[in-house]
Amino acid sequence: MSTLAHTMMTAARSADSGLAGPGELDRYPYAEAPVADRVGAPSWESADPELGRVGRRAAGSRGRGLHGQLVQQLGQMIVSGDLGADRPLVPEEIGQRFEVSRTVVRESLRVLEAKGLVSARPNVGTRVRPVSDWNLLDPDIIEWRAFGPQRDDQRRELSELRWTIEPLAARLAAGHGREEVQQRLCDMVEIMSHAMAQGDALTYSRADNEFHGLLIQIAGNRMLEHLSGIVSAALQVSGGPVTGCDRPNEASLAQHARIVDALGTGDGAAAEAAMRQLLTVHPEVERVVPAPREH
């Protein structure tokens, strides 16, 4: 196994044990507890009691201390419906509920405002905004929706969006990859193959994430590159509609390898076709994403 492959395997296992490892490929770690079961009356008391005392929760919410954890908790509550549209958010009330300072609350609300989840106006205060105002392409919101009441719609929409973005990225990437990039993609396939043989789903998913993210980055389209976070989030949302990436098997590995080979020879059409085949959903959810067309 190459040095990069060994590093990836070590990083995945370090992250799984809660230790920081090289690479830090897990850009969007999930919250410890889904919020799907907390949908109910829009009151603080309806939330999971474990959401209180933010500072005592494990440091896994974005790795940003109290601020990041509070953003995570409030974001989940808004997306799940625990905090409904137009509900006022009083900083003092939030600070008491989660036992954090006004500064932490204020910074967290600013982040949520940037995501379109809340709005702050003079003489009105901060209120939850309707879904139509949310930045639905934000990786955090993608994650929160995937574990909330909209989970089925979110996963279907992600599958459809990936099927639109990634085949184009594969076509554009053909011939653009430098030798070191080509080797890195090969390493990802090697890691996935070894991880599948070992039954190591965590390492497999990390290598798969790296593969697809790198492919978009070398497509040479900056607008597509800005969408790489969506693909990363989609790859880490399990369940729902499944693609070849969601069910590791020899066929999936073969399609990844075909993409690498096509990129190496500059065959954009072949790279696009292999990606479409990889992303085609399985028969039981065929309604989600259309099958590739014959040209």
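Above this note sits the structure.
None of these values were measured; they are calculated from a predicted model.

Draft legend 1. Geometry of the nonpolar core. Of all hydrophobic cores here, the largest spans 27 residues; its most connected members are Leu185, Phe211, Leu215, Ile218, Ile259, Leu263 and Met275. Of all the elements in the fold, those that place two or more residues in this core are helix H6 (151–173), helix H7 (179–198), helix H8 (201–217), helix H11 (250–265) and helix H12 (268–279). The dominant element in this core, judged by the number of residues it contributes, is H7, at seven residues. Judged by nonpolar contacts, the second largest core, of 21 residues, contains Val71, Ile78, Leu83 and Val118.

Draft legend 2. Representation of the pairing of strand S2 (residues 118–121) in the model. Here S2 runs beside strand S3 (residues 125–128); their pairing, made up of four bridges, is antiparallel. By the bridge assignment, Ala120 is partnered in S3 with Thr126. What sits between S2 and S3 in their antiparallel hairpin is a turn of three residues, with Asn123 showing a positive phi close to 65 degrees.

Draft legend 3. Spotlight on the sheet that holds S2. On the basis of which strands lie adjacent, the open sheet formed by three strands has the order S1-S3-S2 and antiparallel pairing. Each edge of the open sheet carries a strand with a single partner, namely strand S1 (88–89) and S2. Alignment of S1 against S3, held across two bridges, turns out to be antiparallel. Bridging from a neighbouring strand, Pro88 pairs with Arg127 of S3.

Draft legend 4. Looking closely at the environment of Met188. Within the element layout of this structure, Met188 appears in helix H7. Overall, Met188 belongs to the buried group, its relative accessible area being 0%.

Draft legend 5. Region of the structure containing the packing of aromatic side chains. This structure, assessed with the given rule, holds zero aromatic pairs. In this arrangement the basic side chain of Arg155 is found over the ring face of Phe147, its NZ or CZ atom lying 5.7 Å from the centre. Between Arg276 and the ring centre of Trp163, over which it is positioned, the NZ or CZ distance is 4.7 Å.

Parameters at a glance
Each chain carries its own residue numbering, running from 1 in the direction its sequence is written. Owing to the predicted nature of the model, reporting of local features is limited to residues with pLDDT of at least 70; listing and counting of side-chain atom pairs is limited to 80 or more, with chain, interface and lining totals taken over all residues. For side-chain calculations, the full set of non-hydrogen atoms in the structure is used, while hydrogens and water are omitted. By nonpolar core is meant a set of buried Ala, Val, Leu, Ile, Met, Phe, Trp, Tyr and Cys residues that side-chain atoms within 4.5 Å join together. Only protein chains enter the accessibility calculation, which uses a 1.4 Å probe; a residue is then buried when its area is under 20% of its type maximum, exposed when over 50%, and partly exposed in between. For the purposes of this entry, the term helix denotes a DSSP run of H or I that reaches at least four residues, the term strand denotes a run of E that reaches at least two, and both are numbered from the N terminus. Paired strands, in this sense, are two strands between which DSSP finds at least two bridges. Here the aromatic set is Phe, Tyr and Trp, taking the six-membered ring for Trp, and pairing holds for ring centres within 6.5 Å; pairs whose planes are under 30 degrees apart are stacked, those over 60 apart are edge-to-face, and all others are tilted. Our definition puts a charge over a ring when NZ of Lys or CZ of Arg is within 6 Å of the ring centre and also within 35 degrees of the ring normal.

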